[in-house]
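A closer look at the structure
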Amino acid sequence: AIFCGSIYGHTENAAEIVANRLAERGVRNIALYDVAQTDLSQLVGEAFRCSHLVLAAPTYNAGVFVTMENLLHDLTAHTLKNRRVAYIENGSWAPTSARGMQKLLEPLKWEQAADTVTLRSALRQGQQEELERMAMQLADSVNA
(Lines give C-alpha, C1' and ligand atoms only; values in the text may rest on other atoms or scores of the structure.)
Protein backbone atom coordinates (compact mmCIF):
# COMPACT_ATOMS: atom_id res chain seq x y z
CA ALA A 1 0.00 0.00 0.00
CA ILE A 2 1.11 3.53 -0.70
CA PHE A 3 -0.11 6.12 1.78
CA CYS A 4 0.30 9.64 0.52
CA GLY A 5 -0.30 13.08 1.92
CA SER A 6 0.08 15.91 -0.55
CA ILE A 7 -0.49 19.64 -0.37
CA TYR A 8 0.12 20.83 -3.93
CA GLY A 9 0.07 17.47 -5.71
CA HIS A 10 3.83 17.00 -6.09
CA THR A 11 4.13 14.31 -3.43
CA GLU A 12 1.13 12.52 -4.90
CA ASN A 13 2.75 12.63 -8.34
CA ALA A 14 5.85 10.91 -6.95
CA ALA A 15 3.70 8.27 -5.22
CA GLU A 16 1.84 7.59 -8.48
CA ILE A 17 5.14 7.11 -10.31
CA VAL A 18 6.25 4.54 -7.72
CA ALA A 19 2.89 2.74 -8.00
CA ASN A 20 3.20 2.59 -11.79
CA ARG A 21 6.80 1.33 -11.65
CA LEU A 22 5.84 -1.33 -9.11
CA ALA A 23 3.07 -2.54 -11.43
CA GLU A 24 5.53 -2.63 -14.34
CA ARG A 25 7.77 -4.86 -12.19
CA GLY A 26 4.93 -7.33 -11.58
CA VAL A 27 3.84 -6.26 -8.10
CA ARG A 28 0.10 -6.92 -7.79
CA ASN A 29 -2.63 -5.49 -5.59
CA ILE A 30 -1.04 -2.07 -5.26
CA ALA A 31 -3.28 0.39 -3.46
CA LEU A 32 -2.64 4.15 -3.37
CA TYR A 33 -4.43 6.19 -0.70
CA ASP A 34 -4.69 9.89 -0.04
CA VAL A 35 -4.40 10.05 3.75
CA ALA A 36 -6.31 13.35 3.84
CA GLN A 37 -9.30 11.92 1.96
CA THR A 38 -9.52 8.29 3.13
CA ASP A 39 -11.09 7.19 6.39
CA LEU A 40 -8.45 6.29 8.97
CA SER A 41 -10.03 2.89 9.64
CA GLN A 42 -9.65 1.95 5.98
CA LEU A 43 -5.98 3.00 6.02
CA VAL A 44 -5.29 0.97 9.14
CA GLY A 45 -7.03 -2.04 7.60
CA GLU A 46 -4.82 -1.76 4.52
CA ALA A 47 -1.71 -1.52 6.65
CA PHE A 48 -2.71 -4.79 8.33
CA ARG A 49 -3.27 -6.39 4.91
CA CYS A 50 0.01 -5.36 3.32
CA SER A 51 3.55 -6.48 4.05
CA HIS A 52 5.14 -3.41 2.44
CA LEU A 53 4.15 0.23 2.87
CA VAL A 54 5.29 3.39 1.14
CA LEU A 55 4.77 6.52 3.21
CA ALA A 56 4.87 9.72 1.18
CA ALA A 57 4.42 13.01 2.99
CA PRO A 58 5.42 16.64 2.81
CA THR A 59 7.11 18.41 5.65
CA TYR A 60 4.55 20.61 7.39
CA ASN A 61 5.55 23.11 10.09
CA ALA A 62 8.92 21.33 10.40
CA GLY A 63 7.13 18.03 11.07
CA VAL A 64 5.07 15.40 9.31
CA PHE A 65 1.93 16.37 7.35
CA VAL A 66 -0.80 16.15 9.98
CA THR A 67 -3.03 13.48 8.39
CA MET A 68 0.00 11.21 7.85
CA GLU A 69 1.08 11.85 11.44
CA ASN A 70 -2.38 10.79 12.66
CA LEU A 71 -2.16 7.56 10.66
CA LEU A 72 1.28 6.74 12.05
CA HIS A 73 0.13 7.36 15.62
CA ASP A 74 -2.76 4.97 15.03
CA LEU A 75 -0.52 2.28 13.50
CA THR A 76 1.82 2.58 16.46
CA ALA A 77 -1.11 2.32 18.88
CA HIS A 78 -2.16 -0.91 17.13
CA THR A 79 1.44 -2.19 17.53
CA LEU A 80 1.51 -3.27 13.89
CA LYS A 81 4.71 -5.30 13.52
CA ASN A 82 6.70 -7.00 10.77
CA ARG A 83 6.30 -4.49 7.97
CA ARG A 84 8.75 -3.19 5.45
CA VAL A 85 8.57 0.48 4.66
CA ALA A 86 9.89 3.09 2.24
CA TYR A 87 9.68 6.86 2.57
CA ILE A 88 9.15 9.74 0.18
CA GLU A 89 9.58 13.11 1.83
CA ASN A 90 8.95 16.54 0.37
CA GLY A 91 9.89 19.98 1.59
CA SER A 92 10.81 23.19 -0.15
CA TRP A 93 13.50 24.42 2.22
CA ALA A 94 13.94 21.76 4.90
CA PRO A 95 12.51 18.33 4.09
CA THR A 96 12.32 16.47 7.40
CA SER A 97 9.18 14.37 7.11
CA ALA A 98 10.99 11.04 6.53
CA ARG A 99 12.96 11.46 9.75
CA GLY A 100 9.73 12.41 11.53
CA MET A 101 7.88 9.38 10.16
CA GLN A 102 10.74 7.08 11.16
CA LYS A 103 10.73 8.51 14.68
CA LEU A 104 6.96 7.99 15.03
CA LEU A 105 7.29 4.38 13.88
CA GLU A 106 10.43 3.60 15.90
CA PRO A 107 8.57 1.48 18.50
CA LEU A 108 7.40 -0.88 15.74
CA LYS A 109 10.93 -1.67 14.53
CA TRP A 110 9.91 -1.81 10.87
CA GLU A 111 12.59 -2.65 8.32
CA GLN A 112 13.35 -0.08 5.64
CA ALA A 113 12.91 -1.75 2.24
CA ALA A 114 14.18 1.03 -0.04
CA ASP A 115 16.23 4.18 0.01
CA THR A 116 14.36 7.34 1.02
CA VAL A 117 13.55 9.74 -1.81
CA THR A 118 13.69 13.44 -0.95
CA LEU A 119 11.85 15.98 -3.08
CA ARG A 120 12.16 19.73 -2.85
CA SER A 121 8.70 20.78 -3.95
CA ALA A 122 8.22 19.46 -7.50
CA LEU A 123 10.03 16.51 -9.08
CA ARG A 124 13.39 17.62 -10.46
CA GLN A 125 15.58 16.23 -13.20
CA GLY A 126 17.10 12.95 -12.10
CA GLN A 127 14.57 12.26 -9.38
CA GLN A 128 12.46 10.07 -11.65
CA GLU A 129 15.40 7.64 -11.54
CA GLU A 130 15.40 7.76 -7.72
CA LEU A 131 11.71 6.81 -7.72
CA GLU A 132 12.38 4.02 -10.21
CA ARG A 133 15.21 2.72 -7.97
CA MET A 134 12.81 2.80 -5.00
CA ALA A 135 10.27 0.78 -6.99
CA MET A 136 12.97 -1.73 -8.00
CA GLN A 137 14.11 -2.14 -4.38
CA LEU A 138 10.52 -2.56 -3.19
CA ALA A 139 9.65 -5.05 -5.95
CA ASP A 140 12.73 -7.10 -5.10
CA SER A 141 11.70 -7.10 -1.43
CA VAL A 142 8.08 -8.01 -2.18
CA ASN A 143 9.10 -10.83 -4.51
CA ALA A 144 11.82 -12.23 -2.21
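Calculation criteria
- Residues numbered from 1 in each chain as written.
- Predicted model: local features only at pLDDT ≥ 70, side-chain atom pairs only at ≥ 80, totals over all residues.
- Heavy atoms only, no water.
- Helix = DSSP H or I, 4+ residues; strand = E, 2+ residues; numbered from the N terminus.
- Rg over C-alpha atoms; globule rule 2.2 N^0.38 Å.
- Buried < 20%, exposed > 50% of the residue type's maximum accessible area, 1.4 Å probe, protein only.
- Contact = heavy atoms within 4.5 Å.
- Lys, Arg positive; Asp, Glu negative; His and termini not counted.
- Charge placed at Lys NZ, Arg CZ, Asp CG, Glu CD.
- Arc of directions from axis to C-beta.
- Patch = residues over 30% accessible without salt bridge, like charges linked within 9 Å, V, L, I, M, F, W, Y side chains within 5 Å.
- Areas by Shrake-Rupley, 256 points an atom, 1.4 Å probe, with all protein chains shown as cover.
- Salt bridge = Lys/Arg side-chain N within 4 Å of Asp/Glu carboxyl O.
- Expected span 1.5 Å × (residues − 1).

Details of the overall build of the protein chain
The helix and strand tally for the protein chain stands at five helices and seven strands. When the helices and strands of the protein chain are read in sequence order from the N terminus, they spell out β-α-β-α-β-β-α-β-α-β-β-α. By the compact-globule yardstick of 15 Å for 144 residues, the protein chain fits well, its C-alpha radius of gyration being 14 Å. When the backbone C-alpha atoms are referred to their principal axes, the protein chain occupies close to 40 × 35 × 25 Å. Counting the 144 residues in the protein chain, one finds 47% classified as buried. Summarising the internal contacts of the protein chain: among those between residues at least 6 apart in sequence, 77% fall at separations of at least 24. Of the charged side chains in the protein chain, 13 are positive and 16 negative; the average position of the first set lies 5 Å away from that of the second.

Topic: helix H4 (residues 97-105)
When H4 is considered as a whole, its buried residues turn out to be Ser-97, Ala-98, Met-101, Leu-104 and Leu-105. Down the axis, H4 shows its buried residues gathered within 125° of arc, on one side only. Facing away from the buried side of H4, by more than 90 degrees, are the exposed residues Arg-99 and Lys-103. Tucked into the core, H4 has its buried residues touching strand S3 (52-60), strand S4 (63-64), helix H3 (66-77) and strand S5 (84-90).

Brief notes about a nonpolar patch on the surface
On the surface, a cluster of nonpolar side chains totalling about 380 Å² of accessible area is made up of Ile-7, Tyr-8 and Tyr-60. When you line up the elements, Ile-7 lands in the loop between strand S1 (2-4) and helix H1 (10-24).

Notes on unusual backbone geometry
The phi dihedral of Asn-29 is positive, around 60°, even though this residue is not glycine. Mapped onto the elements, Asn-29 comes out in the loop between H1 and strand S2 (32-34). In this structure, Ala-62 takes a positive phi of about 65° despite not being glycine. As for its position among the elements, Ala-62 is in the loop between S3 and S4.

Describing helix H5 (residues 127-143)
Spacing of three or four residues puts side chains on the same side of an α-helix, whose turn is 3.6 residues. Spanning 17 residues, H5 covers 24 Å between terminal C-alpha atoms, matching the ideal 24 Å at 1.5 Å per step. Tucked inside the fold, the buried residues of H5 contact H1, S3, S5 and strand S7 (117-119).

Purely geometric numbers; function is a separate question.
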